Amino acid sequence: MNGAAGDEQTNTSMTAPSDQDQWSQEDMLTLLETMKSILPSQDILKFKTTESHLDWNKLAFKNYTGPVCRQKWIEISTEVRKFRTLSEIIEDAEEHVKNPYKGKKLKKHPEFPKKPLTPYFRFFMEKRAKYAKLHPEMSNLDLTKILSKKYKELPEKKKMKYIQDFQREKQEFERNLAKFREEHPDLMQATKKSDVPEKPKTPQQLWYNHERKVYLKIKPDASTKEVKESLGKQWSQLSDKKRLKWIHKALEQRKLYEDVMREYIQKHPEMNLEEGVTRSTLTKAERQLKDKFDGRPTKPPPNSYSMYCAELMANMKDVPSTERMVLCSQRWKLLSQKEKDAYHKKCEQKKKDYEVELVRFLESLPEEEQKRVLAEEKMVGQNKKPSQASRQPSPLNSGTIKPSEKPKKINSAISLSGYSFNHGSNLSSLTGVEAL
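Here the residue numbering is sequential within each chain, running from 1 through the sequence in written order. Given that the model is predicted, a residue must reach a pLDDT of at least 70 before its local features are reported, and side-chain atom pairs must reach 80 or more before they are shown or counted; all residues, however, enter totals for whole chains, interfaces and linings. Only hydrogens and water are set aside when side-chain values are computed; all heavy atoms of the structure are taken into account.

As for the confidence of the model for the chain
Here is the rule: What pLDDT expresses is the predictor's confidence in each residue, scored from 0 to 100. Contacts were defined at the residue level, with two residues in contact if any of their heavy atoms lie within 4.5 Å.
Counting all residues, the mean pLDDT for the chain is 76, and 73% of those residues have values of 70 or more. Scored below 50 in pLDDT, residues 1-21 makes 24 contacts in the model with residues more than four places away or belonging to other chains.

Quick look at the packing of helix H13 (residues 304-313) against helix H15 (residues 337-363)
Quick note on the threshold: Helix axes are fitted to C-alpha atoms over the stretch in contact, other axes to C-alpha atoms as well, and angles between N-to-C directions run from 0 to 180 degrees. For helices the rule is a DSSP run of H or I covering at least 4 residues; for strands it is a run of E covering at least 2, with both sets numbered from the N terminus onward. Note on terminology: angles under 35 degrees are roughly parallel, angles over 145 are roughly antiparallel, angles of 65 to 115 are roughly perpendicular, and the others are oblique.
Between H13 and H15, whose axes approach to 8 Å, the crossing angle comes to 95 degrees. Classified by the interaxial angle, the pair formed by H13 and H15 is roughly perpendicular. Within the contact between the two elements, H13 uses Ser 304, Met 307, Tyr 308 and Glu 311 and H15 uses Lys 340, Tyr 343, His 344, Lys 346, Cys 347 and Lys 350.

Comments concerning the packing of aromatic side chains
Convention followed: Side-chain rings of Phe, Tyr and Trp (the six-membered ring for Trp) are treated as a pair once their centres are within 6.5 Å; stacked means planes under 30 degrees apart, edge-to-face means over 60, and tilted covers the remaining angles.
Per the stated rule, a full pass over the model turns up 14 aromatic pairs. Between Phe 123 and Tyr 162, the aromatic rings sit 5.7 Å apart at their centres with planes inclined by 90 degrees, giving edge-to-face as the arrangement. Separated by 39 residues along the polypeptide, Phe 123 in helix H6 (residues 119-134) and Tyr 162 in helix H8 (residues 156-183) bring together distant segments of the chain. A ring pair is formed by Trp 207 and Trp 235, whose centres lie 5.4 Å apart and whose planes are at 50 degrees; its orientation type is tilted.

Regarding the state of the cysteines
In protein chemistry, a disulfide is the covalent bond that joins the sulfur atoms of two cysteines. Cut-off, in case you're wondering: Our working definition of a disulfide is a cysteine sulfur pair at a distance within 2.5 Å.
Scanning the entire structure with this criterion turns up zero disulfides. Cys 328 carries a free sulfur, and the closest cysteine sulfur to it, the one in Cys 309, is 3.9 Å from it.

Some remarks on the nonpolar core
For clarity, the threshold we go by: Buried Ala, Val, Leu, Ile, Met, Phe, Trp, Tyr and Cys residues that are joined via side-chain atoms within 4.5 Å together make up what is termed a nonpolar core. Each residue gets one of three labels from its accessible area relative to the maximum for its type: buried under 20%, exposed over 50%, partly exposed in between, using a 1.4 Å probe on protein chains only.
Within the largest apolar cluster, 20 residues are counted, with the highest numbers of intra-cluster contacts made by Trp 23, Leu 31, Leu 32, Met 35, Trp 56, Cys 69 and Trp 73. For this core, the secondary-structure elements that each account for two or more residues are helix H2 (25-37), helix H4 (66-77) and helix H5 (86-98). When neighbours within four sequence positions are excluded, Trp 23 is seen to be in contact with Met 28, Leu 31, Phe 61, Tyr 64, Val 68, Cys 69 and Lys 72.

Brief notes about the environment of Asp 291
Here is the rule: In protein, a polar contact requires one atom able to donate a hydrogen and another able to accept it; more generally it is a pair of N or O atoms within 3.5 Å, and residues adjacent in sequence count only if both atoms are side-chain atoms.
You can see Asp 291 is positioned in helix H12 (residues 284-294). Assessed through its relative accessible area of 5%, Asp 291 is described here as buried. Expressed as a C-alpha distance, the spacing of Asp 291 and Phe 361, which sit 70 residues apart in the sequence, is 9.3 Å. Sequence-distant contacts of Asp 291, defined by excluding residues within four places in its chain, comprise Arg 296, Phe 361, Arg 372 and Glu 376. Among the polar contacts listed, one links the side chain of Asp 291 to the side chain of Arg 372, at a separation of 2.9 Å.

This is how it looks when you write it as structure tokens:
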């Protein structure tokens, strides 16, 4: 980004031996302060460009020559983020000199407590030397595989020894960490928790958080990877009934989130947050499962040929998928016109039944859910041309069926099986049948 020559020069200088021990913190801060004083007032160039124009001899002080000052600057600058102006980098460099262990390097502090080894690593460290001596021809990778297998086969009673040692040292580590935080408040970064409401979790996330605690009680030494793999397999095999439980929990949590978020937005207009921007917490499959549980009818095939193919394919499980449609087409052509007409009549009847069932389903939903279902129906049918039968006037328009007394309103425009529904239409008049 700053030129190959500049990068090459920096990389070469990086290999020079460090003389950190010869420089006091005060001397390093003096160097940085002097560098700031000779920078141009409008420092807007890339840091490498400005750095290349510095006269290092002017920065010499005490027993430090210009080249020594330049070398020390290179050492310090490797610890801070690049691709900014030199003024900004020097400010970061000053902070690093004052607190060299702050941030990501906190764990390198000589007084920072050491994390305890996990039960498996205790077993590994205890047995590795023995197995390495017994099998000198084995690589480290092979030894690790053997010891990992041996640990998994270990009886629970023997494994408990390593688990108890780990838990005891973990408690000691937490006490020492709390003491370290008290003694070094300047090194601990202030992690101010945002007061913005937490986004709702998905059904799988809620289930995972619950099951993870149970799993770790049974297997406290399990790795994160092992937990994820095991629970991921369990989730994929979860029954629809159990999955629905977590779907309902996720929807309840989302409703609560929306209420809290609405209140938060009113209190913080300066944040320019918008309502309803959070994506759905349910996947398409989870939404379909919930709709099915709530009584949403299954959409029938769009035409008689599709219905015939669906019936035929139900008995074609042994036929390769690439051959099924070809076979369906061939058999359809062999049908007489009378048989085809029978399928057409059956298909049209299924469409009418579906419309009745859909109206019932819509009437059981709140307004927001009604809009969602109608929008989904529109997306499915928007590219389909209405059949000849669907263009015929509905029984409602001909006066043969009376609408219900207090039909619900649907504030949407949609077309189901060829019927057009205008804004504010009654549910009972959507399909030309009385809503039951």
